[in-house]
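# Observations on the model geometry
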Amino acid sequence: DGYAVETVGSGQEAIDRARKTEYVLYLVDLKMPPGMDGIETMREIRKLQPDASVVIITAYATVDTAVQAMKEGAFEYLVKPCNPNELTLLVDRVLKIYNLQRENRLLRKQLRDKYAFHDMVSKSPTMHEIFDLVKNVAALRSTVLIQGESGTGKEMVARAIHACSDRKDAPFVGVPCTALAETLLETELFGHERGAFTGAVGQRRGKFEQAHGGTLLLDEIGDITPKLQVELLRVLQERRFCRVGGDEEIEVDVRVIAASNVNLQEAVREGKFRDDLFYRLNVITIHIPPLRERVEDVPLLARQFTERLAAEMGKEITGLSNAALRLLASYDWPGNVRELENAIERAIAIARSTELDEHDFGFLQRRVEERAGWAPPANM
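Worth saying up front: this structure is predicted, and the values here are computed from it rather than measured. (Residues numbered from 1 in each chain as written. Predicted model: local features only at pLDDT ≥ 70, side-chain atom pairs only at ≥ 80, totals over all residues. Heavy atoms only, no water.)

### Comments concerning the sheet that holds strand 3 (residues 76–79)
Taken in spatial order, the 3 strands make up an open sheet running 1-2-3, and their pairing is parallel. Strands with a single pairing partner mark the edges of an open sheet, and in this sheet they are strand 1 (25–29) and strand 3. Adjacent strand axes in the sheet meet at a mean angle of 25 degrees, parallel and antiparallel pairs treated alike. With respect to the sheet, helix 2 (residues 38–48) is in contact with strand 1 and strand 2 (53–58), its orientation differing from that of strand 2 by roughly 175 degrees. (Pairing = 2+ DSSP bridges. Helix = DSSP H or I, 4+ residues; strand = E, 2+ residues; numbered from the N terminus. Axes fitted to C-alpha atoms, helices over the stretch in contact; angles between N-to-C directions. Contact = heavy atoms within 4.5 Å.)

Below, the structure written as structure tokens:
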């Protein structure tokens, strides 16, 4: 058939060749000279070249050996004597799949190069303006305020700022302000001295100290109490603080990034947030739009999550159908990107085929309401 073919006399020789050369297809006999059989050879080959296809050939065919070969990752199982026409069709099928996979890898790389920024992907012009802003402010020491609904990716933007800065080799430390009571958050931020309170059996460094030289993310800062707002304002102004129960002032070099899912300007007007702290935080503001305002990102994110989560969960999922993508684009996503990721994970867990279809998102379909005056394109 015109293919370039190489032959070897044992499994070990095949593995030695696989270390040096990448082959599209391996035809491996099941029973070979003592030392290594076809199944063992296939295991070693797949470790070296996970994308290669392996076809097991044997004259001693049983149901058990066939099942074992397929479980171990064989592409196909042929019984000797092999029909040449059958082999021709099989090789042709392997090459078509290989070429499709290669094209998919190339397209994914092109998409990443065009739409990716660190761990984020987006087609939205607004998001690309944010990516440009991140690059421009990363080298500054100024405080950054990131605002957006829950699940929009505020922490990822904060990490991107850190990764683009000259602080990237120093720690990035995140503090979930909403998850801790006032006293716990105070010790979490500033640390404590031994004996500062019951249970303080030793000295503890706070997040400000841990982030020295790097970046500190104060997540959901709109939820901190008035007392902590005063203490935080002082630290931002003076770049020094005392541990809880201590008198020694500690000076730190920390770039502070604050994130909030509530509108801090409104919180200031309502008297829930100090205006002086807001102005100190609001040096550079980044507003992340909700997913419903950048629907063009839904298919891109859905494909990215499907590829990653399927690999993590050990499921063979090749992608999403057009019907599934149209359904996902029609949903309002109140939980934003985080909710989309969770929906993809749930669909993969219950999927019965290698492609996610709209039926796998039945839990969303019941809640979908088409947006007035908008319909997802047929070719998403």
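### With respect to the sheet that holds strand 11 (residues 255–260)
As summarised here, the arrangement of the 5 strands in space is 7-8-11-6-12, forming an open sheet in which the pairing is parallel. Since the sheet does not close on itself, it has two edges, and those belong to strand 7 (172–176) and strand 12 (284–287), each with one partner. Along the sheet, successive strands turn relative to each other by an average axial angle of 20 degrees, direction set aside. As paired strands, strand 8 (residues 215–219) and strand 11 are joined by 5 bridges and run parallel to one another. Across the sheet, threonine 215 pairs through a bridge with arginine 255, a residue of strand 11.

### Focus on the packing of helix 12 (residues 297–313) against helix 13 (residues 322–330)
At a closest axis distance of 9 Å, the pairing of helix 12 and helix 13 adopts a crossing angle of 120 degrees. When the axes of helix 12 and helix 13 are compared, the pair comes out oblique. As for the relative orientation of helix 12 and helix 13, their crossing is right-handed in sense. Contact with helix 12, carried on its side by Val298, Pro299, Ala302 and Arg303, involves Leu325, Leu328 and Ala329 of helix 13 and no other residues of that element. Looking at the contact of helix 12 with helix 13, its residues break down into 6 nonpolar, no polar and 1 charged. (Parallel < 35°, antiparallel > 145°, perpendicular 65-115°, else oblique. Left-handed = near helix turned anticlockwise from the far one by under 90°. Nonpolar A, V, L, I, M, F, W, Y, C, P; charged D, E, K, R; others polar.)

### Some points on unusual backbone geometry
Each neighbour pair has its own omega, and for lysine 80 with proline 81 the value is 0 degrees, a cis peptide bond. Following the sequence through the fold, proline 81 ends up in the loop between strand 3 and helix 4 (84–115). Of note, the phi angle at glutamate 220 is positive, near 55 degrees, even though the residue is not glycine. With respect to the helices and strands, glutamate 220 occurs in the loop between strand 8 and helix 9 (226–238). The phi angle at tryptophan 333 is positive, at roughly 50 degrees, despite the residue not being glycine.

### Comments concerning the packing of helix 7 (residues 182–190) against helix 9
Close contact between helix 7 and helix 9 brings their axes to 11 Å; oriented N to C, the two are set at 15 degrees. As the angle between them shows, helix 7 and helix 9 are arranged roughly parallel. In this structure, helix 7 crosses over helix 9, and the sense of that crossing is left-handed. Taking contact as the criterion, the partners of Glu182, Leu185, Glu186 and Phe190 in helix 7 are, on helix 9, Lys227, Leu228, Glu231 and Val235. Looking at side-chain class alone, the contact of helix 7 with helix 9 contains 4 nonpolar, no polar and 4 charged residues.

### Focus on helix 1 (residues 11–20)
Residues of helix 1 that are buried include every one of Gly11, Ala14, Ile15 and Ala18, and no others. Buried residues in helix 1, looked at end-on, bunch into an arc of 100 degrees, giving them a common side. The outward face of helix 1, more than 90 degrees from its buried face, is lined by the exposed residues Arg19 and Lys20. Its buried side turned inward, helix 1 meets strand 1 and helix 2. (Buried < 20%, exposed > 50% of the residue type's maximum accessible area, 1.4 Å probe, protein only. Arc of directions from axis to C-beta.)

### Describing the packing of aromatic side chains
On inspection of all chains with the given rule, the structure shows 8 aromatic pairs. When the ring of phenylalanine 117 is compared with that of phenylalanine 131, the centres are 4.9 Å apart and the planes differ by 20 degrees; the resulting orientation is stacked. Of the two residues, phenylalanine 117 sits in strand 4 (residues 116–117) while phenylalanine 131 sits in helix 5 (residues 125–137), which places them 14 residues apart along the sequence. With a relative accessible area of 3%, phenylalanine 131 lands in the buried category. Centre to centre, the rings of tyrosine 331 and tryptophan 333 are 4.5 Å apart; their planes meet at 90 degrees, and the pair counts as edge-to-face. For the pair shown, tyrosine 331 and tryptophan 333 are each scored as buried. An aromatic cluster is built from Phe190, Phe208 and Phe241, whose rings are joined through pairwise contacts. (Phe/Tyr/Trp six-rings, centres within 6.5 Å; stacked < 30°, edge-to-face > 60°.)

### Regarding helix 7
Because each turn of an α-helix spans 3.6 residues, side chains separated by three or four positions in sequence point in the same direction. Of all the positions in helix 7, only Leu185, Glu186, Thr187, Glu188, Leu189 and Phe190 are classed as buried. Considering only its buried residues, helix 7 is in contact with strand 7, helix 8 (207–210), strand 8, helix 9 and strand 9 (240–242). Directly after helix 7, the chain includes glycine 191, whose backbone phi takes a positive value near 80 degrees.

### A few points about the pattern of salt bridges
Throughout the structure, instances matching the rule amount to 27 salt bridges. In this structure, aspartate 16 engages arginine 19 in a salt bridge whose closest nitrogen and oxygen atoms are separated by 3.1 Å. Of this pair, aspartate 16 and arginine 19 both sit in helix 1, separated by 3 residues, roughly a single helical turn. Residue aspartate 16 is classed as partly exposed on the basis of its relative accessible area, which comes to 34%. Of the residues examined, arginine 19 reaches a relative accessible area of 55% and is grouped as exposed. For arginine 243, the salt bridge identified is with glutamate 193, shortest N-O distance 3.0 Å. Placement of the pair is arginine 243 in the loop between strand 9 and strand 10 (249–251) and glutamate 193 in the loop between helix 7 and helix 8, with a sequence separation of 50 residues. (Salt bridge = Lys/Arg side-chain N within 4 Å of Asp/Glu carboxyl O.)

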